[in-house]
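Tertiary structure, described
Chain residues, written in single-letter form:
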Amino acid sequence: MHQLHYRHQQRNSRGTFNEHGGNNIILTTAQEKALHLYCYEQWEMGIGATPSIIYAAICHLKQQEKCSQPSISWFHKWLKKNSAFHTIKTKPIMRARITNHTEEDLKTFFTNYQETLDRYDIHCARYIYTMDESAVRIGCPTGEIIVVPTEVKELYTTSPENQKSLTIIEVICADRTPPPPPVIICPGEKIMESWIHENLTGAEVITVSPTGYTNENIALAWLDYFIKHIEAGPDKQWHMLLVDEHITYRQDDFIIKCHENHIVPFEFPSHLTHVLQPLDVGVFRPWKHYHKQAIHHALRSLDIEYMISSFFQDLDTICKQTSQSHTIKNSFKNSSMFPVSYKNAIKKMQHYNKQDDYCIWKGTSWRR
């Protein structure tokens, strides 16, 4: 003890030991500032700095000082306690979605959109609709967070692994009114009686196609369903129908029937629906979340074989949970389609151009 105390006194005399603590501080303030700036620059580039990169950078700094490198255990503790950093998961997005269009393209779209609304005197939310399709895997749940005793390290849960896919066609209105039940497209040649469950309300539309995806005939059938729902007609107020660039919505029969019933089909630019399509922005994600919850609930009820009939059993509940008034309102608002806002759409487009990040400096003092 005497020898150890003597060495501490020697270190203190050289200004390298502090009796009040802080002797395990490995990085100087200047070094931490440099790391903050580096993380921010990586975020600006849309790349992001992973924990392993930051750890390697710290080791390099200590190597330049001819000091031993810190342990990986120290690094994890430092990263956890350092309020200047946090870790987030990247959200990969197809490069085409963020490189195929410029801000000028977006401005042109909104100019044409506003001009079309003005031309047909569409200024009320109740006359603006959007429709889209989404593929759904019937019984492939993702993992969920559970609480277990500390001695338990992992849990493999039973999964029905029903990888059969079907397509849902949803439509919502900017005035937040409850949407009609979705159109469900199942793969096959005919509707099987075993699919139908008593929980179905009777208002749903179920159809089939060899692929499980939409086609020209289904698109026309859906349009008839939509016209009936909104009570459109040649002597009624014009409606806006926002659609993607799928070939089925460009066929002459579809466009003619729309205009005959005072409906204006208006296309989103390709590769920008993640920014502009209200259903993509705010509806399909919670829809799939509630679908996943339904699968897990079925598994806990020992319904191990989650089939199409199981899906139809849960369909009404999933739709009601998803189609909340505030969800629809925020979907249109966050996509800038109503209220119409070109500036908000530009901000969101810029956000997607940057947000492929992992480790980000949360403070503001080091930002340029």
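Predicted model, so just to flag it, every value in this text is computed and none were measured. As a convention, each chain's residues are numbered from 1 in the sequence order in which they are written. Note on the predicted model: pLDDT of at least 70 is required for a residue's local features to be given, and 80 or more for side-chain atom pairs to be given and counted; whole-chain, interface and lining totals, by contrast, use all residues. Hydrogens and water are ignored here; the side-chain numbers use all heavy atoms of the structure.

Concerning the overall build of the protein
Segments assigned H or I by DSSP are reported as helices when at least four residues long, segments assigned E as strands when at least two residues long, and all are numbered from the N terminus. Scanning the protein from terminus to terminus reveals 14 helices and eight strands. Note on classification: 1.4 Å probe, protein chains only; a residue is buried when its accessible area is under 20% of the maximum for its type, exposed when over 50%, partly exposed between these limits. When the 368 residues of the protein are sorted by exposure, 41% land in the buried category. Contacts: residue pairs with any heavy atoms within 4.5 Å of one another. For the protein, restricting intrachain contacts to residue pairs at least 6 apart in sequence, the fraction spanning at least 24 positions comes to 74%.

What about the pairing of strand β7 (residues 263–267)?
The buried fraction of β7 amounts to four of the five residues, a majority that puts the element mostly inside the structure. Where strand β6 (residues 239–243) and β7 come together, five bridges link them in parallel fashion. Bridged to L241 within β7 is P265. By this definition, two strands are paired if DSSP reports at least two bridges between them.

Thoughts on the pairing of strand β4 (residues 183–187)
A large share of β4 lies buried, amounting to five of its five residues. Residues V183, I185 and P187 of β4 are buried on one face, and the alternating residues I184 and C186, pointing to the opposite face, are buried as well. When β4 meets strand β5 (residues 205–209), the two strands line up parallel, connected through five bridges. Considered in β5, the bridge of P187 is made with S209.

Focus: the packing of helix α3 (residues 51–64) against helix α4 (residues 72–81)
Under this scheme, a helix contributes an axis fitted over its contacting stretch, all axes are lines through C-alpha atoms, and angles between N-to-C directions fall in the 0 to 180 degree range. Here α3 crosses α4 at 115°, and the two axes come no closer than 11 Å. What the angle tells us is that α3 and α4 run roughly perpendicular. Classified by chirality, the crossing of α4 by α3 is right-handed. Residue-level contacts link P51, I54, Y55 and I58 of α3 to I72, W74, F75 and W78 of α4. When residues are grouped by polarity, Ala, Val, Leu, Ile, Met, Phe, Trp, Tyr, Cys and Pro land in nonpolar, Asp, Glu, Lys and Arg in charged, and all others, Gly among them, in polar. Class assignment of the residues belonging to the contact of α3 with α4 gives a composition of eight nonpolar, no polar and no charged. An angle counts as roughly parallel when it lies under 35 degrees, as roughly antiparallel when it exceeds 145, as roughly perpendicular when it falls between 65 and 115, and as oblique in every other case. If you view the pair so one helix is near and one far, a crossing is left-handed when the near helix is turned anticlockwise from the far one by less than a right angle, and right-handed when it is turned clockwise.

Remarks on the pattern of salt bridges
Within this document, salt bridges are pairs made up of a side-chain nitrogen of Lys or Arg and a carboxyl oxygen of Asp or Glu, the two lying within 4 Å of each other. As enumerated under the stated definition, the model contains five salt bridges in all. The shortest N-O distance in the salt bridge between R250 and E267 comes to 2.8 Å. Here R250 is found in the loop between β6 and α8 (252–260), whereas its partner E267 is found in strand β7, with 17 residues between them in sequence. Through salt bridges with shared partners, a single network forms among E245, R250 and E267.

Details of the packing of aromatic side chains
The way to describe two aromatic rings as a pair is by their centre distance and the angle between their planes. In this scheme Phe, Tyr and Trp rings, the latter by its six-membered ring, pair at centre separations within 6.5 Å, and the angle between planes marks the pair as stacked below 30 degrees, edge-to-face above 60, and tilted otherwise. Scanning all chains against the criterion turns up 17 aromatic pairs. Each ring, one from W222 and one from F226, has its centre 5.1 Å from the other, and the planes form 10°; the classification is stacked. Of this pair, W222 and F226 are both found in helix α7 (residues 216–230), four residues apart, which corresponds to roughly one turn of the helix. Here W222 and F226 have matching classes, each one buried.

Looking at the nonpolar core
A general tendency of soluble globular proteins is for nonpolar side chains to be buried together. Among the nonpolar cores identified, the biggest contains 52 residues, and Y113, I128, L276, F311, F312 and M337 are the most heavily contacted of them. Setting aside residues no more than four positions away along its own chain, F312 makes contact with I184, C186, W195, H197, N199, L200 and I206. Core analysis: the second largest hydrophobic core is formed by 23 residues, Y129, C173, L241 and I263 among them. What is meant by a nonpolar core is a set of buried Ala, Val, Leu, Ile, Met, Phe, Trp, Tyr and Cys residues, joined one to another through side-chain atoms within 4.5 Å.

Comments concerning unusual backbone geometry
Here F338 and P339 are connected by a cis peptide whose omega angle stands at -5°. One non-glycine residue, E231, adopts positive backbone phi at about 55°. Tracing the backbone shows E231 in the loop between α7 and β6. With a phi close to 70°, S336 is a non-glycine residue in the positive phi region. Within the element layout of this structure, S336 appears in the loop between α13 (325–334) and α14 (342–354).

Considerations on the side chain of D244
The residue D244 is located in the loop between β6 and α8 in this model. We count Lys and Arg on the positive side and Asp and Glu on the negative side, and we leave His and both chain ends out. Of the side chains with opposite charge, R250 comes closest to the buried, unpaired D244, at an N-O distance of 8.0 Å. Any pair of nitrogen or oxygen atoms within 3.5 Å is treated as a polar contact; in protein, a donor-acceptor pairing is required on top of that, and neighbouring residues in sequence qualify only through side-chain atoms on both sides. Polar side-chain contacts of D244 include one of 3.0 Å to the backbone nitrogen of H246. Excluding residues within four positions of it along the chain, D244 makes contact with D132, E133, Y249, E267 and F268.

Side note on helix α6 (residues 103–119)
The end-to-end C-alpha distance of α6, which contains 17 residues, comes to 24 Å, matching closely the 24 Å that a straight helix rising 1.5 Å per residue would cover. The complete set of buried residues in α6 reads L106, F109, F110, Y113, T116 and L117. The buried side chains of α6 occupy one side of the element, clustering within an arc of 125° when seen end-on. Among the exposed residues of α6, those oriented more than 90 degrees off its buried face are E104 and R119. Just downstream of α6 lies D121, where phi reads positive at about 55°. Expected helix span is computed as 1.5 Å times (number of residues minus one). The directions from the helix axis to the C-beta atoms form the arc being described.

Digging into the confidence of the model for the protein
Each residue carries a pLDDT score, the predictor's confidence in it, ranging from 0 to 100. Of all residues in the protein, 82% attain a pLDDT of 70 or more, and the chain-wide mean is 84. A low-confidence stretch, residues 8–23 (pLDDT under 50), is modelled with eight contacts involving residues beyond four sequence positions or located in other chains. Throughout residues 355–368 the model reports pLDDT below 50, and contacts reaching past four residues in sequence, or to other chains, amount to 46 contacts.

Regarding the side chain of Q277
Along the chain, Q277 falls in the loop between α9 (273–276) and α10 (278–282). Other than its neighbours up to four places away in sequence, Q277 contacts T130, M131, D132, F268 and S335.

Describing the environment of K292
Its place among the elements puts K292 in helix α11 (residues 284–300). Relative accessible area serves as the criterion here: at 23%, K292 is assigned to the partly exposed category. Note: C-alpha distance between K292 and T142 (150 residues apart in sequence) is 7.2 Å. When neighbours within four sequence positions are excluded, K292 is seen to be in contact with T142 and G143.

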